[in-house]
Structure formats: structure tokens, C-alpha cells
Amino acid sequence: MRLLLPFASPLSATSPPSLPEHPPPSKIEFSGLTKIFKKSAIGTLTGALTLTLVLSSPIPSVAASIDPYLSMTPPSLSPDSSPEDCPNEEGADTEVLEDDVRPQLVTNEGIVEEAWEIVNDAFIDARSNRWSPETWQKQKEEILSIPIKSRSKAHEVIKKMLASLGDQYTRFLSPDEFSRMSKYDITGIGINLREVSDGGGNVKLKVLGLVLDGPADIAGVKQGDEILAVNGVDVSGKSSFEVSSLLQGPSKTFVVLKVKHGKCGPLRSIKVQRQVNAQTPVSYRLEKVDNGRISVGYIRLKEFNALARKDLVIAMKRLQDKGASYFVMDLRDNLGGLVQAGIETAKLFLDEGDTVIYTAGRDTETQKIVVADKKPLITAPLIVMVNNRTASASEIVASALHDNCKAILVGERTYGKGLIQSVFELRDGSGVVVTIGKYVTPNHIDINGGGIEPDFRNLPAWGEVKELLSKCNTLQQS
């Protein structure tokens with residue numbers, strides 16, 4: 001079973017008044033912006049960095065020990081039963097276990113072989129060039145030629161097998177780690193959603209994990225429930241991230257979920273009170289430059305969590321109302337976070353039809369083009385500030401805005417974390433995190449390893465920003 005899991009601490013939404021309108025901790029005055037880059041040398045990071053878990057954040061001192069990653073591919077799970085399987089759906093009151101969560105007996109060798117098959121089917125060797133189907137098959141034969149006498153030994157075998165791939169982001173999850181990961185909450189009501197194929201090209205949204213004694217658990221939501229509507233809005237065709245956003249709201253307010261228990265009903269409307277745990281990653285201020293002739297909206301975005309897009313929209317609208325004619329989005333030291341939040345953030349600045357990112361991998365489900373589907377929120381000239389700790393989701397945003405002529409990049413070359421991981425559950429409750437693809441920018445640059453080169457080390461003149469973006473658009477259209 002492949003899970004669609006977000007990277008996040010327990011998150012929920014805050015009400016607009018809580019957005020801080022003040023400088024970030026290290027205040028940067030625009031009159032001195034040119035000074036902050038003079039001490040910076042542009043270059044790539046060298047050496048190997050090891051993660052406690054793969055996800056957006058590539059640096060171990062910042063990454064949490066359990067940071068689930070949002071894969072951009074829907075889980076390839078067995079389709080649910082057809083309606084014919086539930087002839088008495090309205091009167092049904094028995095919850096039926098799905099095949100993929102039904103307890104099963106599995107041997108130690110079976111668990112090892114299951115992990116091997118996941119890598120064999122999905123793994124992409126993005127850097128080390130150690131992997132090949134032939135060597136992987138030989139390794140399996142060698143491993144399974146010796147009896148594996150305990151489950152702990154089987155787990156050790158899987159760890160060593162994955163380590164041999166030479167990919168720092170591919171790793172094993174113990175049953176305890178996998179269980180805790182499945183309960184991460186970006187909704188504010190204590191649930192984690194997954195997308196399940198219905199066998200017809202569409203997906204259903206189901207409750208993967210519940211926070212024990214959390215709001216949804218107390219209200220009566222059950223693990224395995226299908227989410228049908230949120231506050232009367234049909235969620236058919238929506239992603240888990242979109243529905244998680246619908247569930248968010250100010251603390252102590254209520255949200256109504258329409259759910260179906262099990263495969264065959266019954267349908268219920270459940271009222272759940274939200275709890276707020278997250279802090280906004282956005283801070284902002286208005287600066288006057290060029291002797292007060294130009295108003296610049298400065299926005300600092302610390303990470304891409306479930307609140308990032310929503311609070312960024314609030315900040316930009318407030319700065320526009322105050323007369324901002326230029327914007328600066330500071331992504332320095334932003335190690336990433338929730339990838340889908342980064343994608344949705346990039347779309348705020350792009351024209352409908354603009355490419356946000358390409359994804360590439362062995363599985364056709366990982367070979368996708370993500371495009372903007374609405375008009376941009378703002379069209380004012382934009383500067384994006386980056387450094388060598390701008391990574392993953394931040395690099396997706398920076399490259400999308402740069403390659404579509406919506407922003408110029410200022411600072412240092414970015415970190416270069418452009419791989420996609422998926423989390424797969426094994427039949428004994430443990431799991432594996434496997435690199436299954438990579439991100440490619442709209443200009444077809446592979447982010448991973450090399451990062452993104454900025455346009456300027458130091459801040460250019462404001463008039464030059466507008467001129468450069470205009471020239472870029474002209475060349476792009478020609």
C-alpha cells in the first residue's frame with residue numbers, strides 16, 4: 001500500500017488577525033538590502049548530508065525524526081468494491097475491513113521480498129548509478145538463500161538492502177514509526193487523509209489515521225471512513241491537500257463532515273470542533289525605498305506548511321491595499337515542507353496554463369506536468385531571495401516563478417533537493433520510504449544536486465527588475 005502523506009507537524013488554520021505584521025527575527029531594512037549579499041559567495045554545497053527522514057527538509061538538524069512527505073502521485077491501491085457489493089447500502093451498519101488493511105499472516109522472508117519488490121518496481125537511482133535490475137535480482141537471491149529466523153532480523157535485512165542503494169532518502173520505517181507517521185495532522189481536527197483509487201480513474205478520500213482523543217476521534221469519525229463532503233461542499237475529484245485546506249479554520253469553530261463508514265455505509269454528518277496548533281510561517285511589512293517613491297511589500301516565508309498559501313494570500317492583499325507596487329518573497333533558509341503547499345503557492349503568481357514543475361520517474365504515474373489553473377493573484381514585479389538553504393518545495397516555487405518570467409532570483413545557488421519519495425506500508429505494519437522520481441523545472445533543469453543559479457548576487461535597482469521581467473516575457477512569447 002502506498003500512502004499519500006504530508007510533511008507537517010500537527011497543523012491547522014489561524015484566523016486572519018493572527019498574521020504577524022512585523023519583520024522576521026533578523027530584520028532587513030531595504031535601504032541596506034544590497035549589503036546582505038556582499039558577504040555571500042555563490043556556490044554549490046559539497047559533502048553528504050544525512051536525513052533522519054526524507055522529505056522536503058534536506059538537513060538533519062532541521063528535519064523532524066518523523067516528517068511525512070507529500071508524494072505527488074496518488075496511491076496505487078486496490079479499488080474499492082463496486083456499488084453492487086453493497087446492495088443494501090442505506091441500511092448497512094456493519095463496517096467492513098478493506099483488503100489492504102485486513103490483518104494477514106506474513107513470513108519474515110515475505111516481508112523482505114515485499115520491500116524488495118517495491119524498490120524493483122518504483123525506485124529511481126537519481127545520483128549513485130549503483131542500481132540495476134540485474135544486480136537487484138542477484139541481491140534478492142542471495143538474501144533469501146538464508147533463512148530469516150525473526151521479524152527483527154527481517155527488518156535489519158531490509159535496512160541493509162536499502163542502504164546498498166546509495167540513496168540517502170530511501171529508508172526503512174519501523175511499525176512504530178509508520179504508525180506515528182500515519183497520524184500526522186494538517187487538518188486541525190486530528191485526521192490524516194489518503195487518496196484511494198476507485199478503479200475508474202478517480203480517487204476517493206479516506207481517513208488513514210486518527211489522532212487518539214483528537215477532535216475527529218471524539219466526534220465519531222472512524223479510521224477508514226470515506227469523506228464525501230465538507231460543510232456541504234462535495235469533495236469528489238479534490239486532492240487530499242485541497243480537502244485538508246477545507247477542513248482548516250479558526251480554533252474553536254466547527255466543521256461538518258459527511259462521511260461513509262466502511263465500504264457499505266451508513267452515511268453520517270459529523271460536527272467537529274477545530275483545534276489550532278500551528279503557527280503561521282508568514283511575516284510581512286511594507287517598506288518605502290528610493291526616497292519614498294516606491295512601496296515594496298516584503299514577505300518572509302519560513303516553511304511551506306498547511307497555512308503557507310492561505311496566509312501568504314492574506315499578506316499580499318494587505319500589502320497591495322497599502323500601495324505595494326513591488327514584492328520581495330524571502331525564501332532564504334526555507335528548507336521546504338509540504339510540497340503541495342509549495343506548488344499551490346507558486347500558482348498564485350502564474351498565468352493560467354503556465355508550467356509549475358515537471359516530474360519524472362519510472363512509473364507513468366510519476367511522469368506529470370503540473371500547471372497553473374487560474375489567473376495570478378498579483379502581477380507586480382517580484383524578487384525572490386534564495387540561498388544555499390533554500391530547498392525542495394522552496395526550489396519548486398523559485399524555479400516556477402523564475403522560468404515563467406514572474407520573478408528574478410537574488411542571492412546564492414539553492415540547495416538542490418529535487419527528488420520525490422513515496423511511503424509504502426509493508427504487511428506487518430512497517431514501511432519503506434523510496435525515491436520514485438525527481439522534479440524538473442519549467443526550463444527543463446534537473447533541480448537535484450545542482451540547485452538553481454540566481455540572476456543576481458546582490459539586489460539590483462528596482463527599475464531594472466521591471467525591465468528584466470519585461471524582456472524575459474518578450475523573449476518567451478517570441
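Residues numbered from 1 in each chain as written. Predicted model: local features only at pLDDT ≥ 70, side-chain atom pairs only at ≥ 80, totals over all residues. Heavy atoms only, no water.

Colleague: Where do I start with the pairing of strand E8 (residues 267–273) in this structure?
Modeller: Side chains on a regular strand alternate between the two faces of the sheet. Taken together, the 7 bridges between strand E7 (residues 254–260) and E8 define a ladder with antiparallel strand orientation. Paired with Val 256 across the strands is Lys 271, a residue of E8. Two successive antiparallel strands, E7 and E8, enclose a turn made up of 6 residues, where Gly 262 displays a positive phi of approximately 65°. (Pairing = 2+ DSSP bridges. Helix = DSSP H or I, 4+ residues; strand = E, 2+ residues; numbered from the N terminus.)

Colleague: Looking at this structure, how should I read the sheet that holds strand E9 (residues 282–289)?
Modeller: In sheet architecture, strand pairing relies on hydrogen bonds along the backbone and comes in two forms, parallel and antiparallel. Across the sheet, 5 strands lie side by side as E9-E10-E11-E14-E15; this open sheet has mixed pairing. The two strands at the open ends of the sheet, each matched to only one other strand, are E9 and strand E15 (408–411). This sheet shows a mean twist of 25° between the axes of neighbouring strands, independent of strand direction. Across 4 bridges, the pairing between strand E14 (residues 382–386) and E15 is parallel. Opposite Ile 383, over in E15, you have Ile 408 as the bridge partner. Strands in contact with helix H7 (residues 308–321) are E9, strand E10 (294–301) and strand E11 (326–330); relative to E9, the strand with the most contacts, it is inclined by about 25°. (Axes fitted to C-alpha atoms, helices over the stretch in contact; angles between N-to-C directions. Contact = heavy atoms within 4.5 Å.)

Colleague: Is there a simple way to think about the packing of aromatic side chains in this case?
Modeller: For any pair of aromatic rings, the description consists of the separation of the ring centres together with the inter-plane angle of the planes. Counted according to the given criterion, the structure contains 3 aromatic pairs. Here Trp 116 and Trp 136 contribute two aromatic rings whose centre-to-centre distance is 6.2 Å and whose plane-to-plane angle is 5°, an arrangement assigned as stacked. Placement of the pair is Trp 116 in helix H1 (residues 108–122) and Trp 136 in helix H2 (residues 133–144), with a sequence separation of 20 residues. In this structure, Lys 271 is placed above the aromatic ring of Phe 254, and the distance from its NZ or CZ to the ring centre is 4.7 Å. Lying across the ring of Tyr 169, Lys 417 places its NZ or CZ 4.7 Å from the centre. (Phe/Tyr/Trp six-rings, centres within 6.5 Å; stacked < 30°, edge-to-face > 60°. Lys NZ or Arg CZ within 6 Å of the ring centre and 35° of its normal.)

Colleague: Can you help me understand the state of the cysteines in this one?
Modeller: Note on terminology: a disulfide is the covalent bond linking the sulfur atoms of two cysteines. A complete count under the given rule lists 1 disulfide for this structure. Bridging Cys 405 to Cys 472, the disulfide has an S-S length of 1.9 Å. The chirality of the disulfide connecting Cys 405 with Cys 472 is left-handed, given an S-S dihedral of about -60°. Taken together, the residues Cys 405 in the loop between helix H9 (393–403) and E15 and Cys 472 in helix H10 (residues 462–477) connect sequence positions 67 residues apart. (Disulfide = S-S within 2.5 Å.)

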